[in-house]
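Letter by letter, the chains look like this.
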Amino acid sequence: MKKILITGGAGFIGSHVVRLFVNKYPDYHIVNLDKLTYAGNLENLKDVQNASNYEFVKGDIVDGDFIMSLFEEQRFDGVIHLAAESHVDRSILNPMAFVETNVLGTVNLLNAFKAHGDHENGLFYHVSTDEVYGELDDEGFFTESTPYSPNSPYSASKASSDHFVRAYHATYGTPVKISNCSNNYGSHQFPEKLIPLFINNIKHLKSLPVYGEGTNVRDWLWVEDHARAIDVIYHNGVLGETYNIGGNNEWKNIDLIHLLCKLMDQKLDRPEGDSAQLITFVKDRSGHDFRYAIDSSKLMNELDWVPSLQFEEGLSKTIDWYLQNEEWLENVTSGSYQSYYQEMYAGRS
Ligand code: NAD
Ligand code: TYD
């Protein structure tokens, strides 16, 4: 039985990847390693927690000794590495946490895999972001050969971790693959990112803080399509290669927010235009990347992957999930979320 470590499996994307692998591959033993930071939540995995091929380990990838002994004990065949500090705004407040988890944590995992993993025939799969490429103006797309040019402490830390993964492949022959994906949306996303934050605020009739003029552009991908891409790349991608993953689904923030407001009005039975009145333009994010857009033709042509959901349908399903999972939303927005919100948004308007 192959033993696969998934790091960050209690987070947003990680929980979708764990679910897919546990259900689709009963003959893999899946170990989910997660520190359970503010963003990690075992509630996200309730439906697989008792599966016989699943095991949870609480631990910190920054703790090199712990990681080395875990790998010595478990002898993983493969690693899918998602654990990270993932929010750009938090990285502006506290870059060091991003250096520690995203850079040091990744190098700890690479060292442990080199020492005790299946370094000959296994795989270290590193999950990364398109933000490493920097920003685009109105034209063009990121391809796998776009030079790295990160602008935020978050993207700089992810770029650094990508470089270490490539360097271990070149220097030690570590079998690696990397993917760089655009903005994900869907169920179980912590409400600090645009879509779940705004769903929560609309629900509670709180203002919707739009950075700058709302003209920045993002490419949005349904999280389960990202999980499917990871599955395809893990199994069929070429060692040492990078794959870009995107939704071919660009939205100007303000247009996306108006669509979200319209759908929320319908679902909450509010008069049309009600939620849009909550829109408030606030001080822009420092170093705010203007546009991200991904060319995923390599993944589509070589590995036969295509995004499955249209955006409006995905957004509608996402809203339904948050409205049906009130307790989840209340649990994650009590306690420290309140002080985070105050620190991030109080001085902004
Ligand atoms: P998330 O913040 O929702 O979850 C991160 C998970 O990592 C949490 O479960 C957290 O507890 C865990 N974690 C954090 N620090 C840890 C540590 N030191 N040790 C062990 N576990 C730790 O993040 P996400 O949005 O699910 O992103 C997952 C990965 O995908 C990240 O590597 C991120 O850079 C990448 N990514 C995210 C997006 C996106 O739109 N969210 C897009 C492209 C790539
Ligand atoms: P976010 O979800 O934080 O993802 P990323 O910064 O990784 O792209 O933000 C998506 C876009 O929404 C980005 O252009 C910033 C903007 N935004 C706001 O306008 N207001 C907010 O409160 C947040 C969190 C984001």
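It should be noted that the structure appears before, not after, this text.
Conventions and cut-offs
Residues numbered from 1 in each chain as written. Chains lettered and ligands numbered in written order. Predicted model: local features only at pLDDT ≥ 70, side-chain atom pairs only at ≥ 80, totals over all residues. Heavy atoms only, no water. Pairing = 2+ DSSP bridges. Helix = DSSP H or I, 4+ residues; strand = E, 2+ residues; numbered from the N terminus. Axes fitted to C-alpha atoms, helices over the stretch in contact; angles between N-to-C directions. Near = heavy atom within 4 Å. Polar contact = N/O pair within 3.5 Å; in protein donor to acceptor, adjacent residues only side chain to side chain. Areas by Shrake-Rupley, 256 points an atom, 1.4 Å probe, with all protein chains shown as cover. Nonpolar A, V, L, I, M, F, W, Y, C, P; charged D, E, K, R; others polar. Salt bridge = Lys/Arg side-chain N within 4 Å of Asp/Glu carboxyl O. Buried < 20%, exposed > 50% of the residue type's maximum accessible area, 1.4 Å probe, protein only. 1 Å grid on protein atoms, 1.4 Å probe; cavity = no way out; pocket = protein on both sides within 12 Å on 5 of 7 lines; lining within 4 Å. Points joined across faces, edges and corners; volume = space filled by probe spheres on them. Phe/Tyr/Trp six-rings, centres within 6.5 Å; stacked < 30°, edge-to-face > 60°. Lys NZ or Arg CZ within 6 Å of the ring centre and 35° of its normal. Parallel < 35°, antiparallel > 145°, perpendicular 65-115°, else oblique. Contact = heavy atoms within 4.5 Å.

J.: Lay out the sheet that holds strand β5 (residues 123-129) with the relevant residues and their values.
T.: Strand order in the open sheet made by the seven strands is β3-β2-β1-β4-β5-β6-β10, with parallel pairing throughout. At either end of the open sheet lies a strand with only one pairing partner, and these are β3 (54-58) and β10 (242-245). Between one strand axis and the next, the sheet turns by 20° as a mean value, whatever way the strands run. Both strand β2 (residues 28-34) and β3 contribute to a ladder of five bridges, which runs parallel.

J.: Please set out the site of ligand 2 residue by residue, giving values where relevant.
T.: The environment of ligand 2 is formed by 20 residues, the closest being Glu131, Arg218, Arg285, His288 and Tyr345. A distance of 2.9 Å separates an oxygen atom of ligand 2 from a polar backbone atom of tyrosine 211. Within the side chain of arginine 285, one N or O atom sits 2.5 Å away from an oxygen atom of ligand 2. Calculation on ligand 2 without its partners gives an accessible area of 510 Å², and the protein chains cover 98% of this total. Looking at the shell around ligand 2, the elements that each hand over two or more residues are α3 (88-93), α6 (194-203) and β8 (208-211). The class makeup of the residues in the shell around ligand 2 is nine nonpolar, five polar and six charged.

J.: Would you mind going over the pattern of salt bridges in detail, with residue names and values included?
T.: If you walk through the whole model with that rule in mind, you get twelve salt bridges. For lysine 46, the salt bridge goes to glutamate 43, with nearest N and O atoms at 3.3 Å. According to the relative accessible area criterion, glutamate 43 is partly exposed, its value standing at 40%. For the salt bridge of lysine 267 with aspartate 320, the shortest nitrogen-to-oxygen distance reads 2.9 Å. A residue pair is termed long-range when its members are at least 10 positions apart, and lysine 267 in helix α8 (residues 253-267) and aspartate 320 in helix α10 (residues 311-324) qualify at 53 residues. The structure contains a network of salt bridges with shared partners spanning Arg90, Glu192 and Lys193.

J.: An account of empty space enclosed by the protein is needed here, citing residue identities and associated values.
T.: Counted by the stated rule, this structure contains three cavities of 30 Å³ or more. One number sums up the size of the second largest cavity: a volume of about 50 Å³. Every residue along the wall of the second largest cavity is listed here: Val88, Glu131, Ser152, Arg218, Arg285, Gly287, His288, Asp289 and Tyr292. Among the residues making up the lining of the second largest cavity, the classes are represented as two nonpolar, three polar and four charged.

J.: If you had to explain the packing of aromatic side chains to someone new, which residues and values would you point to?
T.: Geometrically, a pair of aromatic rings is defined through the distance of the ring centres and the angle of the planes. Tallied over the full model, the rule gives 22 aromatic pairs. Arranged with centres 4.9 Å apart and planes meeting at 90°, the rings of tryptophan 321 and tyrosine 322 form a pair that is edge-to-face. For tryptophan 321, a relative accessible area of 16% corresponds to the buried category. With a relative accessible area of 0%, tyrosine 322 lands in the buried category. Joined through ring pairs, the aromatic side chains of Tyr38, Phe190, Tyr211, Tyr337, Tyr340, Tyr341 and Tyr345 make up one cluster. A cation sits over an aromatic face here: arginine 90 above tyrosine 38, 3.6 Å from the ring centre. Note that lysine 206 overlies the ring of tyrosine 341, its terminal NZ or CZ placed 3.9 Å from the centroid.

J.: Got a sec to walk through the layout of surface pockets? Specific residues and values, please.
T.: Size it by volume and the largest pocket reaches roughly 380 Å³. Taken together, 23 residues form the lining of the largest pocket, with Tyr38, Arg90, Phe190, Ser336 and Tyr340 sitting closest to its centre. Elements represented by at least two residues in the lining of the largest pocket include exactly α3, α4 (95-116), α11 (326-333) and α12 (336-345). With five residues, the single largest contributor to the lining of the largest pocket is α12. For the lining of the largest pocket, the residue count by class is ten nonpolar, ten polar and three charged.

J.: So, the site of ligand 1: which residues are in play, and what are the values?
T.: Close contacts around ligand 1 come from 29 residues, with Ile13, Asp34, Ser86, Tyr154 and Lys158 the closest. Residue aspartate 34 places a side-chain N or O atom 2.5 Å away from an oxygen atom belonging to ligand 1. In this structure, threonine 37 approaches ligand 1 through a main-chain N or O atom, which is 3.0 Å from an oxygen atom. Against a free-state accessible area of 830 Å², the protein chains account for coverage of 97% of ligand 1.

J.: Summarise the packing of α10 against α11; cite the residues concerned and give the values.
T.: At their nearest, the axes of α10 and α11 sit 5 Å apart, and the two run at 75° to each other. With respect to α11, the axis of α10 lies roughly perpendicular. For the pair formed by α10 and α11, the contact residues are Trp321, Tyr322, Leu323 and Gln324 on the first element and Glu326, Trp328 and Leu329 on the second. Its residues assigned to classes, the contact of α10 with α11 shows five nonpolar, one polar and one charged.

J.: Residue-level account of the sheet that holds strand β9 (residues 217-222), with values.
T.: Sheets are built from strands paired through backbone hydrogen bonds, the pairs being either parallel or antiparallel. The strand order β7-β9-β11 describes an open sheet built from three strands, whose pairing is mixed. In the strand order of this sheet, the two ends are held by β7 (183-185) and β11 (250-252), each with one partner. Averaged over all pairs of adjacent strands, the angle between strand axes in this sheet comes to 45°, irrespective of strand direction. Examined bridge by bridge, β7 and β9 share three bridges and lie parallel to one another. Bridge pairing in β9 links asparagine 183 to tryptophan 220.

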